[in-house]
Amino acid sequence: MAAFRGGMSKVPTRLLGGLIGLGTAAYGINESIFTVEGGHRAIIYSRFSGVTDQVLGEGLHFRVPWLHRPVIYDVRAKAKRITSLTGTKDLQMVNVTLRVLCRPQIDQLPSIYRNLGTDMDDRVLPSIMNEVLKSEIARFNASQLITQREKVSRLIRENLTERAEDFWLVLEDVAITDLSFGSEYSRAVEAKQVAQQEAQRAAMLVERAKQERQQKIVEAEGEAKSASLIGEAIAQNPGFLELRRIDAAREIANTLANSANRVFLDSNQLLLNVDDYQFSETALKAATPKSK
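Below is a summary of the structure that appears in this document. As the structure is a prediction and not an experimental result, all values here were calculated from the model.

**Topic: the pattern of salt bridges**
Phase 1: Tallying each qualifying case throughout the model produces 14 salt bridges.
Phase 2: For R114, the salt bridge is made with D53, and the minimal N-O distance between the two is 2.9 Å. Remark: D53 occurs in strand β3 (residues 50-56) and R114 occurs in helix α2 (residues 109-115); sequence separation between them is 61 residues.
Phase 3: R114 sits in the partly exposed class, given a relative accessible area of 45%.
Phase 4: Its salt-bridge partner being R123, residue D119 comes within 2.9 Å of it at the nearest N-O pair.
Phase 5: Among the charged side chains, a salt-bridge network with shared partners connects E131, R163 and D166.

This is the structure:
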């Protein structure tokens, strides 16, 4: 009976020891493995040798608990945006907003950790972006920033990419997203545009005056030519004038006929004056062409 009681008292102790051993093993296994997510890389820091040069890819990895500590980096491209107030070559102040997409060089992650830590983009990018932006903007006039924006953006991208390589950073894209000038320059540009529009309007008025003058010249030449032809026709055929008088009388008669009033006109008022002109034999002979 006593032996049975002694055996029963030993069971909880053994069970407790087993549970402790199992928990210790589970903790050791959990601390011995770690996972690198997609778009990330890891390096190992050893308490004895420091940062290792091996870069671990995505997936499950093993480490020695307490001795090794994984440092995980996000190697996906991230956007960084800054706004800088800088001066142009002609001493105009301009606000430039620059956006870059950057990521660390994967094979240089150990060097990045030794020199910059894990927040390398916040440590490096603001300073080099401001430096390159101010130096490149100062090479152009304010108007050139608008007319040569693509060239300015390309120069900034080339110089900024070169500077970022010194800190093991890769720039995927560099773009000027906003460009705004001071109020004084904006007013000057607006006044210049108004002056240009006024000059264009004045040039258009001058051109219109030239066209109107040319039109009057052509009309005067046409009228002179018409008068000359009419004179020749009258000289060659006296009946031509009588035909014109008949046409004028017809137009007057049509106008009066369409009127609501009743008007009586004699031949003289209708410009016919038939009794005032006689076709003399001499005039008819002069108008009749001679037969050869």
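**Quick look at unusual backbone geometry**
Phase 1: With a phi angle near 65°, L91 is a residue other than glycine that sits in the positive phi range.
Phase 2: Mapped onto the secondary structure, L91 falls in the loop between β6 (78-87) and β7 (93-104).
Phase 3: By relative accessible area, which is 75% here, L91 ends up exposed.
Phase 4: Residue W168 is not a glycine yet carries a positive backbone phi of 60°.
Phase 5: Residue position: W168 is located in the loop between α5 (149-165) and β8 (169-181).

**Let's talk about helix α3 (residues 120-137)**
Phase 1: For α3, spanning 18 residues, the distance from its first C-alpha to its last is 26 Å, which sits close to the expected 26 Å at 1.5 Å a residue.
Phase 2: Within α3 the residues assigned to the buried category are M120, D121, V124, L125, I128, M129, V132, L133, E136 and I137. Viewed end-on, α3 has its buried residues packed into an arc of 145°, placing them on one side of the element.

**What about the sheet that holds β8?**
Phase 1: Across the sheet, which stays open at both edges, the three strands sit in the order β6-β7-β8 with antiparallel pairing between neighbours. Of all the strands in the sheet, the pair left with one neighbour each is β6 and β8. Adjacent strand axes in the sheet meet at a mean angle of 20°, parallel and antiparallel pairs treated alike.
Phase 2: Taken together, the 10 bridges between β6 and β7 define a ladder with antiparallel strand orientation. In the sheet register, G87 faces β7, and the bridge partner there is M93.
Phase 3: On top of the sheet, α3 reaches β6, β7 and β8; it is set at about 40° to β6, its chief contact.
Phase 4: Taken strand by strand, α5 contacts β7 and β8, and its axis lies near 140° from that of β8.

Parameters and conventions
Residues numbered from 1 in each chain as written. Predicted model: local features only at pLDDT ≥ 70, side-chain atom pairs only at ≥ 80, totals over all residues. Heavy atoms only, no water. Salt bridge = Lys/Arg side-chain N within 4 Å of Asp/Glu carboxyl O. Helix = DSSP H or I, 4+ residues; strand = E, 2+ residues; numbered from the N terminus. Buried < 20%, exposed > 50% of the residue type's maximum accessible area, 1.4 Å probe, protein only. Expected span 1.5 Å × (residues − 1). Arc of directions from axis to C-beta. Pairing = 2+ DSSP bridges. Axes fitted to C-alpha atoms, helices over the stretch in contact; angles between N-to-C directions. Contact = heavy atoms within 4.5 Å.

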